[in-house]
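# Examination of the molecular architecture
Letter by letter, the chains look like this.
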Amino acid sequence: MRPPVVIESIDVPNNVNIEINGDKIKVKGPKGEKERKINNREIIIEKVNNKLVLKVYFPSRKILRDFYTMVAHIKNDINGVVNGYRYKLRGVFIHFPLKIKLQGNKIVIENFMGGRDVKEIEIPKGVKATVNENEITLEGYDIELLGNLAGLIENSVRPKEKDLRKFQDGIYIVEKP
């Protein structure tokens, strides 16, 4: 049986400004600003005092899925523009030393498993990267962008056609938000 109405409220801190324009919501805070499109037309978003109220009437399972996903995304956006997020990655090698450098807006990985190919990964706008020996720290306000970049770095130096029990060289995520 479907509920007649589902309501969720999200507390908005004082230093966060939220604008709702049709099917878009813009969250601005001290660390940056994030704009998100509302994919489902049945989700109603209203700003009441210092709260953001999301409603949906007579939702099906698919609409409820979209509704709770949107609630989680908006909470992540608010937390990101206030506190920010951080990912830490660590380079691991057994024999051939892995060289990780930061050149401009790219992370350059050299000498992976003794290979001569150079892997360059571009850092998107809104992400601050620091490299300290074999440790990469990614900081920013967009958790989706940081997670995608960390996964891209991790997958770019994965041993291919090798026994993963023996060859454990690579760059791995060691700390997530």
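Model, not experiment: these values are computed from the prediction.

## Regarding the overall build of the protein
Assigned secondary structure in the protein consists of two helices and 13 strands. In summary, the protein has a C-alpha radius of gyration of 21 Å against a globular reference of 16 Å for 177 residues, an excess of more than 25%. With the C-alpha coordinates of the protein rotated into their principal frame, the extents come out at 60 × 40 × 20 Å. Sorting the 177 residues of the protein into buried and exposed places 35% on the buried side. Residue pairs in contact within the protein that sit at least 24 positions apart in sequence constitute 58% of those at least 6 positions apart. Carbon and sulfur atoms form 47% of the exposed surface of the protein, whose accessible area is close to 11,100 Å². A distance of 2 Å separates the average location of the 32 positive side-chain charges in the protein from that of its 24 negative side-chain charges.

## What about the packing of aromatic side chains?
Following the criterion strictly, the structure yields one aromatic pair and no others. Ring centres 5.2 Å apart and planes at 75° place the aromatic pair phenylalanine 67 and tyrosine 68 in the edge-to-face group. By relative accessible area, tyrosine 68 is classed as partly exposed at 41%.

## As for the confidence of the model for the protein
Chain-level statistics for the protein give a pLDDT mean of 90 and a share of 98% at 70 or above. Summarising per-element confidence for the protein, the mean pLDDT is lowest in strand 13 (residues 170–175) (91) and highest in strand 12 (residues 135–140) (95).

## Concerning the environment of valine 174
Mapped onto the fold, valine 174 is located in strand 13. When neighbours within four sequence positions are excluded, valine 174 is seen to be in contact with Lys88, Leu89 and Arg90.

## Section: the pattern of salt bridges
Oppositely charged side chains can form a pair if their charged atoms are brought close together. Enumeration over the complete set of coordinates arrives at 16 salt bridges. Between lysine 37 and aspartate 23 there is a salt bridge whose closest N-O contact spans 3.8 Å. Taken together, the residues span a long stretch of sequence, with lysine 37 in strand 4 (residues 33–37) and aspartate 23 in the loop between strand 2 (17–21) and strand 3 (24–28) at a distance of 14 residues. The class of lysine 37 is partly exposed, set by a relative accessible area of 48%. Between glutamate 120 and lysine 106 there is a salt bridge, with the nearest N and O atoms lying 3.4 Å from each other. Residue glutamate 120 is located in strand 10 (residues 119–122), and its partner lysine 106 is located in strand 9 (residues 106–110); the two are separated by 14 residues in the primary sequence.

## Points about helix 1 (residues 61–82)
Residue pairs spaced three or four apart in an α-helix point in one direction, given the helix's 3.6 residues per turn. End to end, helix 1 covers 32 Å across 22 residues, agreeing with the expected 32 Å (1.5 Å per residue, within 8%). Within helix 1 the residues assigned to the buried category are Ile63, Phe67, Met70, Val71, Ile74, Asp77, Ile78, Gly80 and Val81.

## Observations regarding the sheet that holds strand 7 (residues 85–92)
Spatial strand order, 11-12-7-13: four strands in an open sheet with antiparallel pairing. The open sheet terminates on both sides in strands that have one partner only, identified here as strand 11 (127–132) and strand 13. Pairwise comparison of adjacent strand axes, ignoring direction, gives a mean angle of 25° for this sheet. Direction of pairing for strand 7 relative to strand 13: antiparallel, over a ladder of five bridges. Bridged to valine 92 within strand 13 is glycine 170.

Rules of the game
Counting restarts for each chain, with residues numbered from 1 along the sequence as it is written. Residues qualify for local features only when their pLDDT is at least 70, as the model is predicted, and side-chain atom pairs are given and counted only at 80 or more; totals for whole chains, interfaces and linings, by contrast, use all residues. For side-chain calculations, the full set of non-hydrogen atoms in the structure is used, while hydrogens and water are omitted. By definition, any uninterrupted DSSP run of H or I lasting at least four residues is a helix, any uninterrupted run of E lasting at least two residues is a strand, and each is numbered from the N terminus. Values of the radius of gyration come from C-alpha atoms, whereas the globule rule sets the reference at 2.2 Å times the count of residues to the power 0.38. Note on exposure labels: buried denotes an accessible area under 20% of the residue type's maximum, exposed denotes more than 50%, and partly exposed covers the range between, all computed with a 1.4 Å probe on protein chains only. Contacts are assigned to residue pairs that have any heavy atoms within 4.5 Å of one another. All accessibility values rest on the Shrake-Rupley procedure with a 1.4 Å probe; residue burial counts only the protein chains present in the view. Under the convention used here, Asp and Glu are negative, Lys and Arg are positive, and both His and the chain ends fall outside the count. Think of each charge as sitting on NZ of Lys, CZ of Arg, CG of Asp or CD of Glu. Any two of the Phe, Tyr and Trp rings considered here, Trp counted by its six-membered ring, make a pair once their centres fall within 6.5 Å; the pair's planes then place it as stacked at under 30 degrees, edge-to-face at over 60, or tilted in between. pLDDT measures how confident the predictor is about each residue, on a scale from 0 to 100. In what follows, salt bridge is the name for a side-chain nitrogen of Lys or Arg lying within 4 Å of a carboxyl oxygen of Asp or Glu. A helix is expected to span 1.5 Å multiplied by its residue count minus one. Only strands that DSSP links by at least two bridges are regarded as paired with each other. Fitted lines through C-alpha atoms give the axes, limited to the stretch in contact for helices. The angle between two N-to-C directions lies from 0 to 180 degrees.

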